Amino acid sequence: MFMDEKAFFTRILGIKLPWFVNQVIMDEAAQRIDIYVDHERDIRVRCPECDTFYGMYDHAPERVYRHLNTCQMETYIHVRPPRVNCPVHGVKQIDSEVGENGSDMTYAFESLIIRVAQECSIEATARLCGLSWDRGWNALERAVDRGRARKEHRIPSRIGVDEKSIAKGHKYESLVYDIDAGTVEFVWDDRGQESLERYYRQFTKEELSGVKAVAMDMWDPYIAATKAYVPDAGKKIVFDRFHVMKHVLAAVDEVRKSEHHELSESGEQTLKGTRYLWLWSVENIPLWRRGEFEALRAKDLQVCRAWAIKENLRHLWDYRYEAPMRNYFKRWYFWATHSRLQPIKKAAKTVKAHIDNVVTYARHRITNALGEAINGKIEKVKRMACGFRNRSHYRTAIYFHCGGLDLFPKPPTNPTLCFRAT
Ligand SMILES: [Zn+2]
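Presented here is a report on the structure given in the accompanying data block.

Rules used in this analysis
Residues numbered from 1 in each chain as written. Predicted model: local features only at pLDDT ≥ 70, side-chain atom pairs only at ≥ 80, totals over all residues. Heavy atoms only, no water. Salt bridge = Lys/Arg side-chain N within 4 Å of Asp/Glu carboxyl O. Helix = DSSP H or I, 4+ residues; strand = E, 2+ residues; numbered from the N terminus. Buried < 20%, exposed > 50% of the residue type's maximum accessible area, 1.4 Å probe, protein only. Donors = N, O, S within 2.8 Å, 3.2 Å for Na, K, Ca; no water. Tetrahedral: all angles 85-135°; square planar, octahedral: opposite > 155°, others 65-115°. Axes fitted to C-alpha atoms, helices over the stretch in contact; angles between N-to-C directions. Parallel < 35°, antiparallel > 145°, perpendicular 65-115°, else oblique. Contact = heavy atoms within 4.5 Å. Nonpolar A, V, L, I, M, F, W, Y, C, P; charged D, E, K, R; others polar. Disulfide = S-S within 2.5 Å. Polar contact = N/O pair within 3.5 Å; in protein donor to acceptor, adjacent residues only side chain to side chain. Pairing = 2+ DSSP bridges.

Time to look at the pattern of salt bridges. In the structure shown here, the tally under the stated rule is 29 salt bridges. Of the charged contacts, one joins Glu 110 and Arg 146 as a salt bridge, the two residues approaching to 3.1 Å between their closest N and O atoms. One end of the pair, Glu 110, is in helix H2 (residues 107-119); the other, Arg 146, is in helix H4 (residues 133-150), with 36 residues separating them in the sequence. Per residue, the accessibility class of Glu 110 equals that of Arg 146, and both read buried. Across the pair Glu 311 and Lys 310 runs a salt bridge, and its minimum N-O distance is 2.9 Å.

In this section: the coordination of the zinc ion. Within the protein, the atoms that donate to the zinc ion are Cys 47 (SG), Cys 50 (SG), Cys 86 (SG) and His 89 (ND1), at distances of 2.1 to 2.4 Å. Here the zinc ion binds four donor atoms, and the angle range of 102 to 114° at the metal identifies the geometry as tetrahedral. For the zinc ion, the single-chain donor residues occur in sequence as C-x2-C-x35-C-x2-H. Cys 50 sits in the partly exposed class, given a relative accessible area of 28%.

Taken N-terminus to C-terminus, the directions of helix H9 (residues 241-265) and helix H14 (residues 342-353) make an angle of 170°; their axes are 8 Å apart at the nearest point. Considering their axes alone, H9 and H14 lie roughly antiparallel with respect to each other. Together, Val 244, His 247, Val 248, Ala 251, Val 252, Glu 254 and Val 255 of H9 and Pro 343, Ile 344, Ala 347, Thr 350 and Val 351 of H14 make up the contact between the two elements. Looking at side-chain class alone, the contact of H9 with H14 contains nine nonpolar, two polar and one charged residues.

One pass over the full model with this rule turns up zero disulfides. Cys 120 carries a free sulfur, and the closest cysteine sulfur to it, the one in Cys 129, is 8.2 Å from it. Judged by its relative accessible area of 22%, Cys 120 falls in the partly exposed class. Here Cys 129 falls in the buried class, since its relative accessible area comes to 9%.

Next up on the list: the side chain of Glu 110. A residue is classified by how much of its surface remains accessible, and Glu 110, at 1% relative accessible area, is buried. Here the side chain of Glu 110 touches Ser 103 through a polar contact of 2.7 Å, side chain to side chain. Setting aside anything within four residues of it in sequence, one finds Glu 110 in contact with Ser 103, Met 105, Ala 139, Arg 142, Arg 146 and Pro 409.

A few words on the sheet that holds strand E4 (residues 53-59). With antiparallel pairing, five strands are arranged side by side in an open sheet as E8-E7-E4-E3-E14. The sheet terminates laterally at strand E8 (90-93) and strand E14 (417-419), the two strands that pair on one side only. Here the strands of the sheet are splayed against their neighbours by 50° on average, with no regard to which way each runs.

Put into structure tokens, the structure is as follows:
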């Protein structure tokens, strides 16, 4: 292979005439290579709007793109993209064949950053790729913007709405999932009605009528937003079974706490260390604690009754039709409200107030369990980001990791230059 370094780089960069490598400068001390790409003089330039070739107008200022390292040396590509003066579209810059307009990285380098960032925290990505945090972050933001611009405008037919706390306790984000695709479609600050309405407002009434089911928590602002925008929402909202159970579980825990308190006053430690025994579903109680659990159940404890009521409610979701589901609930409700356990009565009333959209489960059979899976991913995103500097960073990271987006930059498929003769 006899080639000088210009021919060599032209070849390995895959640069095609009329483009060529004009100069290669290696700075050994700085461990850096600068490659200057130029084009033949006798060319025509493609208008990016109408794809017609015209004579060259002038050059845009030089752009410098960071490229994949050449061996261990940081490598930069310099290019001055020509501009075209289209009679219809005016003076236009062309996409460089090396990297996107507005980016300081080649297509190949930017794609590498995205692949690394899919596996690592942004800190690690920046460190591994020899970038500042900000430049690494910019690449992520460009990837998300690119992906969202390419995303098809459509509302999924089955969506899940969930809230996610971001700082311990107080700050919330609203998330909309595509239940079937397993992607996050939308993230917005807060968990008020307005947050969810922002999502719905992107769609026409006709598009919104394509929504078949919406899984959510028993949370008034989400209910109100969905009723305001989704036609026939009353039949489509399904309160998430795990959230419904959570209310009852909290009640069981309250019963245990106050009973434990009473018992300890008289010196009895019967319920000490038993919290999870009552919260676990019966099949999840670890083998080694089953004996202990059976012994407790033999005693006449309030928490035992609360536990039995909780376990029975779980069967509500076994029904395949709404009418028997309602009947089952009625019997359960009677039992719960006659239990003489205040927290259980209160939880039962909350569920009853929402029962119309609990039993919609029979038809739609959706939960936010997918949301739980995505929540796991989001927890990982949070850890990987080690403290987003602001909430818009957090949103970007969620779209990046959970949005199911096409994130990668793509070189133009048609040549941007041609020889005048052709
Ligand atoms: Zn044009």
